[in-house]
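Listed below are the residues making up each chain.
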Amino acid sequence: MSAYHIATNKLRTTHILGIENESPTVKTFTFKDKQCGKAKPGQFLMLWIPGIDEIPLSILDAKENGLVSVTVKKVGEATNSLQNKNIGEVIGIRGPFGNSFTEKEGSILMVSGGTGTAPILFLARKIASRATKLVFVIGAKIQDELLFIEESRKILVKERDRVIETTEDGSCGVKGLVTTPLERLLAKEKFDMIYTCGPEQMMRKVFDLAEKYEVSLEASLERLMRCSIGLCGSCIIGKYRVCRDGTVFTREQLREVKNEFGISKRGFDGRKVPL
Ligand SMILES: Cc1cc2nc3c(=O)[nH]c(=O)nc-3n(C[C@H](O)[C@H](O)[C@H](O)COP(=O)(O)OP(=O)(O)OC[C@H]3O[C@@H](n4cnc5c(N)ncnc54)[C@H](O)[C@@H]3O)c2cc1C
Ligand code: FES
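Residues numbered from 1 in each chain as written. Chains lettered and ligands numbered in written order. Predicted model: local features only at pLDDT ≥ 70, side-chain atom pairs only at ≥ 80, totals over all residues. Heavy atoms only, no water.

S.K.: Whenever I open this one, the overall build of the protein chain confuses me. Can you help?
M.R.: Helix and strand content of the protein chain: 8 helices and 18 strands. Over its C-alpha atoms the protein chain spans a radius of gyration of 18 Å, differing by no more than 12% from the 19 Å that the globule rule assigns to 275 residues. Each principal axis of the C-alpha distribution contributes one length, and for the protein chain these read about 50 × 40 × 35 Å. Evaluated residue by residue, the protein chain yields a buried proportion of 53% over its 275 residues. In the protein chain, once contacts between residues fewer than 6 apart in sequence are set aside, the share between residues at least 24 apart is 65%. A total of about 12,700 Å² of accessible surface is found on the protein chain, and carbon and sulfur atoms cover 50% of it. Averaging the locations of the 42 positively and 34 negatively charged side chains of the protein chain gives two centres separated by 3 Å. (Helix = DSSP H or I, 4+ residues; strand = E, 2+ residues; numbered from the N terminus. Rg over C-alpha atoms; globule rule 2.2 N^0.38 Å. Buried < 20%, exposed > 50% of the residue type's maximum accessible area, 1.4 Å probe, protein only. Contact = heavy atoms within 4.5 Å. Areas by Shrake-Rupley, 256 points an atom, 1.4 Å probe, with all protein chains shown as cover. Lys, Arg positive; Asp, Glu negative; His and termini not counted. Charge placed at Lys NZ, Arg CZ, Asp CG, Glu CD.)

This is the structure in structure tokens:
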């Protein structure tokens, strides 16, 4: 292991500096960490909640001065405990881990759902000024769960740039899944790259459309993660370890793991379980 990898994997304690409510179940936390301040879009970190657990989280923002943000949805014990924390409380950080999105120019389509919009927004902020066209498709089950709509609108620069919202219950934007407007967009307009992050079944549908319309794609995957450095095997998909070989995978790589992508994952006991 190189000195860089040893430093990255070492647990550092820090304090919560900021907490923002994004929705009734989602909060953004900001803290300082020099190592993660260098993170690139698509990378993740491991956040330790003292006495509870350590969980993988995508990085929403990372600045050279070491300020880092993550967006967390309350789903179980660890995320609940984190959401109950206050400014000034101690957390632990390892990372950043994994590869990152390639930062392409040209005509870009960003497709995200839930907290998957966090790494997509980080990427969009980096590449917006160089893109010839930037379109977001952001989906959620209900309006309350739509994240970062205003933040995404703020980075649009060109006339053709836009944000398309979808909700499954039709409470906001297009009624249905992100794939409803996506198929129409791909049939009508040309895109050089699709970036996607969100629920895996959603990304599988985005992948199938990218195959059909022959558009390059990068998807950031989530799997059960424990070590985050390629040792334990809990994050396996096909021949890949998501923490080490991803989390970002290309269309070609996803084609290799087509029998598992969007279909199954490893459970806590290491056995394959349906998604
Ligand atoms: C690379 C990556 C990036 C992620 N980014 C975000 C993010 O930006 N925001 C966010 O809210 N969530 C993110 N997650 C999911 C987050 O890690 C889980 O929601 C969290 O670990 C749940 O912990 P819990 O104790 O609250 O819930 P639990 O009750 O323990 O679990 C609830 C569900 O969360 C998932 N989960 C539990 N433990 C893990 C684990 N160690 N690794 C992966 N999934 C787990 C399982 O599907 C489980 O069924 C990410 C996961 C990965 C792998
Ligand atoms: S989390 Fe251990 S190998 Fe990926």
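S.K.: What is the right way to look at helix α3 (residues 117-127) in this model?
M.R.: An α-helical turn contains 3.6 residues, so a residue and the one three or four places further along point in the same direction. Along α3, 9 of the 11 residues are buried, which leaves the element largely enclosed by surrounding structure. Listing the buried residues of α3 in full gives Thr 117, Ala 118, Pro 119, Ile 120, Leu 121, Phe 122, Leu 123, Ala 124 and Ile 127.

S.K.: Teacher, can you tell me more about the pattern of salt bridges here?
M.R.: A pair can form between side chains of opposite charge whenever their charged atoms are brought close. This structure, assessed with the given rule, holds 20 salt bridges. Salt-bridge contacts for Glu 89 lead to Lys 85; the nearest nitrogen and oxygen are separated by 3.6 Å. For Lys 85, a relative accessible area of 13% translates into the label buried. Close ionic contact of Glu 105 with Arg 130 constitutes a salt bridge, the shortest N to O distance being 3.9 Å. (Salt bridge = Lys/Arg side-chain N within 4 Å of Asp/Glu carboxyl O.)

S.K.: What is the right way to look at the sheet that holds strand β5 (residues 61-62) in this model?
M.R.: Within a sheet, neighbouring strands are paired by backbone hydrogen bonds and run either parallel or antiparallel to one another. The 7 strands lie next to each other as β4-β3-β7-β1-β2-β6-β5, forming an open sheet whose pairing is antiparallel. The open sheet is flanked by β4 (53-58) and β5, the only strands paired with a single partner. As judged from the 2 bridges shared by β5 and strand β6 (residues 67-73), these two strands associate in the antiparallel manner. Each residue of the ladder has a partner; that of Asp 61, found in β6, is Ser 69. (Pairing = 2+ DSSP bridges.)

S.K.: I would appreciate a short explanation of helix α6 (residues 200-213) in the present structure.
M.R.: For α6, which comprises 14 residues, the first-to-last C-alpha distance of 20 Å matches the rise-based estimate of 20 Å (1.5 Å per residue) to within 8%. Buried within α6 we find Glu 200, Met 202, Met 203, Arg 204, Val 206, Phe 207, Leu 209 and Ala 210. Following α6 by one or two positions, Glu 214 has its phi on the positive side, about 55°. (Expected span 1.5 Å × (residues − 1).)

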